[in-house]
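# Results of the structural survey
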Amino acid sequence: MKIDFNKNSDGLVPAIIQDALTKNVLMLGYMNAEAYQQTIDSKKVTFFSRTKNRLWTKGEESGNFLNLVDIKLDCDNDTLLVSVAPVGPTCHKGTDTCWGEDNKTTFGFLSELESVITDRKENSDGKKSYVASLFEDGMNKIAQKVGEEAVEVVIEAKDDNDDLFLNESADLLFHYLILLQAKGYKLNDVVEVLKTRH
C-alpha cells in the first residue's frame, strides 16, 4: 500500500477501526509509518498517540487488544480502514465503542423488523395487530403459518413468476422471525449456529 503519510505535516493518517464481524465502527486513531509497520508486524493495532507523543498499542495496559484482520486504504491514500477482532471493550471508558454503543451484530432492516415484532408481541394494548394475534393463538398457529409459507415458496420456486416467488419468500421470512421469537430466540442466535458450522 502506498499510504500518503506526508499529506499532513504531522505525518499521521486517520485509522478507522471496524469490527471485522459486526462491521461496527469501534474508534478512530492515528498512525504514522512506524505505527502502521508495527501493526503489520505484531498483528495488534498500534497507533501514534498524540497525547503521549509515542507509539501506543491498544490494549498494552488493559489487555483489550485489537487483533488485526485486514487493512484497506481509501481512494486518496490518506485514510485507513482497519478491520479487527477486538478483545474486550475498545473505549478506555469501558464501552464497546468510543460512541458508547454496544458492538452487537445487526442485520439492517431485518433487525428493525425484529424490533417491530417484539413490540407487537409485548405491547398489543388490546389492539389486534396480525402479529399480536399470532402470538395470542400460540405456537401451533405460528408453526402452521411457517409451514404454509414454506410450501408456498416451494410451489412458486417451480414456476416462472419471480414476483410471486419473492413475495412468498418475504412471507416465509417474516413468519420465521415470528416463530423464532415465539421460541425465545432472535436471528442472531441462528447466525451464531451457522458460524460454528463455518
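Conventions and cut-offs
- Residues numbered from 1 in each chain as written.
- Predicted model: local features only at pLDDT ≥ 70, side-chain atom pairs only at ≥ 80, totals over all residues.
- Heavy atoms only, no water.
- UniProt positions renumbered as here; feature names shortened; annotations may be inferred.
- Buried < 20%, exposed > 50% of the residue type's maximum accessible area, 1.4 Å probe, protein only.
- Helix = DSSP H or I, 4+ residues; strand = E, 2+ residues; numbered from the N terminus.
- Arc of directions from axis to C-beta.
- Contact = heavy atoms within 4.5 Å.
- Salt bridge = Lys/Arg side-chain N within 4 Å of Asp/Glu carboxyl O.
- Pairing = 2+ DSSP bridges.
- Axes fitted to C-alpha atoms, helices over the stretch in contact; angles between N-to-C directions.
- Patch = residues over 30% accessible without salt bridge, like charges linked within 9 Å, V, L, I, M, F, W, Y side chains within 5 Å.
- Areas by Shrake-Rupley, 256 points an atom, 1.4 Å probe, with all protein chains shown as cover.
- Lys, Arg positive; Asp, Glu negative; His and termini not counted.
- Charge placed at Lys NZ, Arg CZ, Asp CG, Glu CD.
- Core = buried A, V, L, I, M, F, W, Y, C linked by side-chain atoms within 4.5 Å.
- Phe/Tyr/Trp six-rings, centres within 6.5 Å; stacked < 30°, edge-to-face > 60°.
- Lys NZ or Arg CZ within 6 Å of the ring centre and 35° of its normal.
- Polar contact = N/O pair within 3.5 Å; in protein donor to acceptor, adjacent residues only side chain to side chain.

The chain is annotated in an unreviewed UniProt entry as Histidine biosynthesis bifunctional protein HisIE from Aureibaculum algae. Looking at the Subcellular location (unreviewed entry) heading of the UniProt record, one finds this comment for the chain: "Cytoplasm".

## Quick look at helix α3 (residues 130–137)
Taken as a whole, α3 has its buried residues at Val131, Ala132, Leu134 and Phe135. All buried residues of α3 fall inside an arc of 160° around its axis, so they share one side. The secondary structure elements touched by the buried residues of α3 are α2 (109–122), α4 (139–157) and α5 (162–182). Backbone geometry just after α3 places Gly138 at a positive phi near 100°.

## Considerations on the pattern of salt bridges
Using the criterion set out here, one finds six salt bridges in the structure. Asp78 is paired through a salt bridge with Lys7; the nearest N and O atoms lie 3.2 Å apart. Taken as a pair, Asp78 in the loop between β5 (66–73) and β6 (80–86) and Lys7 in the segment before β1 (13–19) lie far apart in primary sequence, 71 residues in all. The exposure class assigned to Lys7 is partly exposed, which follows from its relative accessible area of 44%. Across the salt bridge formed by Glu149 and Lys145, the nearest N and O atoms sit 3.5 Å from each other.

## A closer look at the environment of Ser62
With respect to the helices and strands, the residue Ser62 is situated in the loop between β4 (54–57) and β5. For the pair formed by Ser62 and Gly88, sequence separation is 26 residues and the distance between their alpha carbons is 9.2 Å.

## A few points about the sheet that holds β1
Reading across from one edge, β2-β1-β6-β5 is the order of the four strands in this open sheet, with mixed pairing throughout. Pairing within the sheet leaves two strands with one partner each, and these edge strands are β2 (25–31) and β5. Going across the sheet, the axis of each strand differs from the next one's by a mean of 30°, ignoring polarity. In terms of strand pairing, β1 meets β2 through six bridges, oriented antiparallel. When the bridges of β2 are listed, Ala15 appears paired with Gly29. Of the strands in this sheet, β2, β5 and β6 touch helix α1 (residues 33–42), which is tilted by about 120° from β5.

## Digging into a negative patch on the surface
Together, Asp159, Asp160, Asp162 and Asp163 give the surface a local cluster of negative charge. Inspection of the secondary structure assignment puts Asp162 in helix α5.

## Remarks on the nonpolar core
Grouped together as the largest cluster of nonpolar side chains are 21 residues, with contacts concentrated most on Ile17, Met31, Val45, Phe47, Leu66, Leu80 and Val82. Setting aside residues no more than four positions away along its own chain, Val45 makes contact with Ile17, Met31, Thr39, Trp56, Thr57, Lys58, Leu66, Val82 and Val84.

## With respect to the packing of aromatic side chains
Scanning the model with the defined rule gives one aromatic pair in all. One cation-aromatic arrangement involves Lys44 over Phe65; the distance from NZ or CZ to the ring centre is 4.8 Å.

## Some details on the side chain of Glu114
Checked against the element boundaries, Glu114 lands in helix α2. As a buried residue without a salt bridge, Glu114 has its nearest oppositely charged side chain in Lys186, at a separation of 5.1 Å. A distance of 2.7 Å separates a polar side-chain atom of Glu114 from the backbone nitrogen of Leu187.

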